[in-house]
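# Geometric and topological summary
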Amino acid sequence: MTATYTFDVFSSLDGFGAAGGNWTGYWGKQGPELLDHRLALYGEEQRMVFGANTYRAFARMLASSTDESEVRDPWVTRMRSLPATVVSTTLEGSLDWPDARVVSGDAVDVVARLKEESEVPLRSHGSLSMNRALMAAGLVDRLQVTLFPVITGQTGLDPIFQGAADFDLELVENRTLDGHVQELIYRPTLH
């Protein structure tokens with residue numbers, strides 16, 4: 001049996017994973033229901049999978065944050081405590097992450113092997129280019145988009161699906177959190 005792989009991403013309505021300017025990581029729209037739901041998601045046994053750039057960004061954000069900042073929300077702290085695989089051809093040595101290991105190689109090959117060997121589900125938060133390649137290879141079982149009610153046409157950063165293949169999406173779950181944030185979970189198939 002192969003492990004389930006979830007590509008978990010935050011998005012603005014216009015498809016950006018982040019924004020510059022005065023936007024925060026949640027575009028200022030997080031509420032207690034969202035934060036509790038995220039903590040429950042990350043409370044389950046699973047292995048995180050990151051590309052090198054996302055790992056570096058998380059490590060940098062966590063290192064420069066304080067205990068009171070949203071970067072240290074309980075779900076993020078829980079995510080950091082989960083075992084993690086960082087797929088990279090550039091990182092070497094130990095990582096500033098409690099239970100992380102670097103695996104060198106092509107992400108498609110690494111994740112295909114992880115799916116076969118892992119006894120727990122796999123989850124990746126972010127890692128956009130890596131996850132676009134994994135989707136194209138048919139390795140993403142669930143695409144979990146948390147859609148925040150904002151348009152970042154002028155300040156949007158990190159277009160989530162820029163350069164991605166075409167996919168059909170089957171909606172398998174959805175929920176509204178805090179009355180305005182949508183969580184949409186799809187089963188993607190290459191079109």
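Our subject is the structure that appears above.
Summarised in this report is the structure supplied together with it.

Cut-offs and rules
Residues numbered from 1 in each chain as written. Predicted model: local features only at pLDDT ≥ 70, side-chain atom pairs only at ≥ 80, totals over all residues. Heavy atoms only, no water. Helix = DSSP H or I, 4+ residues; strand = E, 2+ residues; numbered from the N terminus. Buried < 20%, exposed > 50% of the residue type's maximum accessible area, 1.4 Å probe, protein only. Polar contact = N/O pair within 3.5 Å; in protein donor to acceptor, adjacent residues only side chain to side chain. Contact = heavy atoms within 4.5 Å. Core = buried A, V, L, I, M, F, W, Y, C linked by side-chain atoms within 4.5 Å. Pairing = 2+ DSSP bridges. Arc of directions from axis to C-beta. Axes fitted to C-alpha atoms, helices over the stretch in contact; angles between N-to-C directions. Parallel < 35°, antiparallel > 145°, perpendicular 65-115°, else oblique. Left-handed = near helix turned anticlockwise from the far one by under 90°.

We now examine the side chain of Glu-183. Relative to the helices and strands, Glu-183 resides in strand β10 (residues 181-190). The class of Glu-183 is buried, set by a relative accessible area of 2%. A polar side-chain atom of Glu-183 sits 2.2 Å from a polar atom in the side chain of Arg-175. When sequence neighbours within four positions are dropped, the list of residues in contact with Glu-183 reads His-37, Leu-41, Gln-144, Val-145, Thr-146, Glu-173, Asn-174, Arg-175 and Leu-177.

This brings us to the nonpolar core. Counting residues in each nonpolar core, the largest one holds 27 residues, and the members touching the most others are Phe-50, Tyr-55, Met-79, Trp-97 and Phe-148. At the level of secondary structure, the elements contributing two or more residues to this core comprise α1 (32-43), β3 (47-51), α2 (52-64), α3 (74-81) and β4 (84-87). Per element, the largest residue contribution to this core is five residues, and it comes from α2. In contact with Met-79, not counting residues within four places along its chain, are Tyr-42, Met-48, Phe-50, Phe-58, Trp-97 and His-125. Counting 25 residues, the second-largest nonpolar core is a separate cluster that includes Leu-122, Leu-134, Leu-139 and Ile-160.

Across the eight residues of strand β1 (residues 5-12), eight count as buried, placing the element largely inside the fold. Side chains of β1 alternate between two faces, with Tyr-5, Phe-7, Val-9 and Ser-11 and Thr-6, Asp-8, Phe-10 and Ser-12 buried alike. Of the strand pairs in this sheet, β1 and strand β6 (residues 122-125) are connected by four bridges, and their pairing is parallel. Across the sheet, the residue bridging to Phe-7 is Ser-124, located in β6. Strand direction decides the pairing type here: β1 and strand β7 (residues 142-148), joined by seven bridges, are parallel. Bridge pairing in β7 places Thr-6 opposite Arg-142.

It is worth spelling out helix α4 (residues 107-117) at this point. Along α4, the residues that are buried comprise Ala-107, Val-110, Val-111, Leu-114 and Lys-115. The buried residues of α4 occupy one face: seen down the axis, they fall within an arc of 135°. Exposed residues pointing more than 90 degrees away from the buried face of α4 are listed as Glu-116 and Glu-117. Close packing links the buried residues of α4 with β1, β3, β4, β5 (100-103), β6 and α5 (128-136). Between the side-chain oxygen of the N-cap and the backbone nitrogen of Val-108 there are 3.1 Å, and the N-cap of α4 in question is Asp-106.

Turning our eyes to something else, we now look at the packing of α1 against α3. Packed helices, taken two at a time, are described by the angle between their axes plus the distance between the axes. At their nearest, the axes of α1 and α3 sit 8 Å apart, and the two run at 15° to each other. Viewed along their axes, α1 and α3 adopt a mutual orientation that is roughly parallel. Judged by the twist between their axes, the crossing of α1 over α3 is left-handed. Residues Leu-35, Arg-38, Leu-39, Tyr-42 and Gly-43 of α1 touch α3, and the partners they reach there are Pro-74, Trp-75, Arg-78 and Met-79.

In short, shape yes, function no, at least from these values alone.
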